[in-house]
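# Structural description and commentary
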Amino acid sequence: TQLQQTYDRLARLVPANRIIISTYREYVSIVKEQLPHISDNQILDEPIRKDTAPAVAWAAYRITKLDEKATILVTPSDQDIRNEDAFRANVHEALSFMEKENNVDHDIYTVKSFTEKPNREFAQLFVDSGEFYWNTGMFFASAKQLLKNTYKLLPTVLKTLDEQNPNATLEE
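Criteria and thresholds
- Residues numbered from 1 in each chain as written.
- Predicted model: local features only at pLDDT ≥ 70, side-chain atom pairs only at ≥ 80, totals over all residues.
- Heavy atoms only, no water.
- Helix = DSSP H or I, 4+ residues; strand = E, 2+ residues; numbered from the N terminus.
- Contact = heavy atoms within 4.5 Å.
- Areas by Shrake-Rupley, 256 points an atom, 1.4 Å probe, with all protein chains shown as cover.
- Pairing = 2+ DSSP bridges.
- Right-handed = clockwise from strand over helix to strand, strands pointing away.
- Phe/Tyr/Trp six-rings, centres within 6.5 Å; stacked < 30°, edge-to-face > 60°.
- Lys NZ or Arg CZ within 6 Å of the ring centre and 35° of its normal.
- Salt bridge = Lys/Arg side-chain N within 4 Å of Asp/Glu carboxyl O.
- Buried < 20%, exposed > 50% of the residue type's maximum accessible area, 1.4 Å probe, protein only.
- Polar contact = N/O pair within 3.5 Å; in protein donor to acceptor, adjacent residues only side chain to side chain.
- Axes fitted to C-alpha atoms, helices over the stretch in contact; angles between N-to-C directions.
- Parallel < 35°, antiparallel > 145°, perpendicular 65-115°, else oblique.
- Left-handed = near helix turned anticlockwise from the far one by under 90°.
- Nonpolar A, V, L, I, M, F, W, Y, C, P; charged D, E, K, R; others polar.

### A closer look at the overall build of the protein chain
Within the protein chain one finds seven helices and four strands. Listing each helix as α and each strand as β along the protein chain from the N terminus yields α-β-α-β-α-β-α-α-β-α-α. Put simply, of all contacts in the protein chain between residues at least 6 apart along the chain, 66% involve residues at least 24 apart. As presented, the protein chain carries roughly 12,300 Å² of accessible surface, and 51% of it is formed by carbon and sulfur atoms.

### Quick look at the pairing of strand S2 (residues 43-46)
Put simply, side chains in a regular strand alternate between the two faces of the sheet. Across four bridges, strand S1 (residues 21-24) lies against S2 in parallel orientation. By the bridge assignment for S2, threonine 23 is matched with aspartate 45. In this region the chain leaves S1, passes through helix H2 (residues 28-34) and returns to the parallel neighbour S2; the handedness of that crossover is right-handed.

### A look at the packing of aromatic side chains
Under the counting rule described, the total for this entry stands at four aromatic pairs. Both rings, one in tyrosine 24 and one in tyrosine 27, keep their centres 5.8 Å apart while their planes meet at 80°; by these two values the pair is edge-to-face. Members of the aromatic cluster, connected to one another through ring pairs, are Phe122, Phe126 and Phe132. The side chain of arginine 9 reaches across the aromatic face of phenylalanine 87, ending 5.7 Å from its centre. Cation over ring: lysine 65 sits above tyrosine 61, and NZ or CZ is 5.2 Å from the ring centre.

### Details of the pattern of salt bridges
Taken as a whole and judged by the stated rule, the model has nine salt bridges. Its salt-bridge partner being aspartate 40, residue lysine 32 comes within 3.2 Å of it at the nearest N-O pair. Residue aspartate 40 is classed as exposed on the basis of its relative accessible area of 52%. A cluster of three or more residues bridged by salt bridges with shared partners is formed by Arg9, Arg12, Glu84, Asp85 and Arg88.

### Notes on the side chain of arginine 9
On the secondary structure map, arginine 9 appears in helix H1 (residues 2-11). Since its relative accessible area comes to 3%, arginine 9 is described here as buried. Every residue in contact with arginine 9, bar those within four places of it in the chain, is listed here: Gln79, Ile81, Glu84 and Phe87.

### Thoughts on helix H5 (residues 120-129)
Given 3.6 residues to a turn, an α-helix orients residues that are three or four positions apart in the same direction. With a side-chain oxygen positioned 3.2 Å from the backbone nitrogen of glutamate 121, the residue opening H5 is asparagine 119. Immediately beyond the C-terminal end of H5, within one or two residues, lies glycine 130, with a positive phi of roughly 70°.

### Details of the packing of helix H3 (residues 52-66) against helix H6 (residues 143-153)
Here H3 crosses H6 at 130°, and the two axes come no closer than 9 Å. With respect to their mutual orientation, H3 and H6 come out oblique. Relative to H6, the crossing made by H3 is left-handed. Each of Val56, Ala57, Ala60, Tyr61 and Thr64 in H3 lies in contact with H6, whose residues at this interface are Ala143, Lys144, Leu146, Leu147, Thr150 and Tyr151. Here the contact of H3 with H6 is built from residues that sort into eight nonpolar, two polar and one charged.

See the structure below:
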């Protein structure tokens, strides 16, 4: 499956016990079925299905409880990566950049528009125009910086968690 391919791809880059899978609560059993060798504490079950930004914020929130210096690679499991060597090279380059930079808070940009999952014809118009960037949904971030930006840009996403669970652990 694509989930298994994604896991295997990442396990060639980082220790397998550092791979954390964030998924909607109802899909946890599917993840366990497809990846029976991972431990329960490697699966973050999202309490509410709210798309990418809240899911990533939830994962960052939980991961910083383990390691506030963590670097997170967010990668959806539905990516078709055909050149694994190029992928690995890009990951290593990105990690190298992150190790050199202490604060990339200045790299937040405002976009003019965003189209979520356009149909094929519409997407082709975007590509052909050369005026658009494509968001693959993959990115690196400092967990701590990601949380800081979430609080700044989407303050309500994590506010309730902080109020209700100021000392929450990963298991909670």
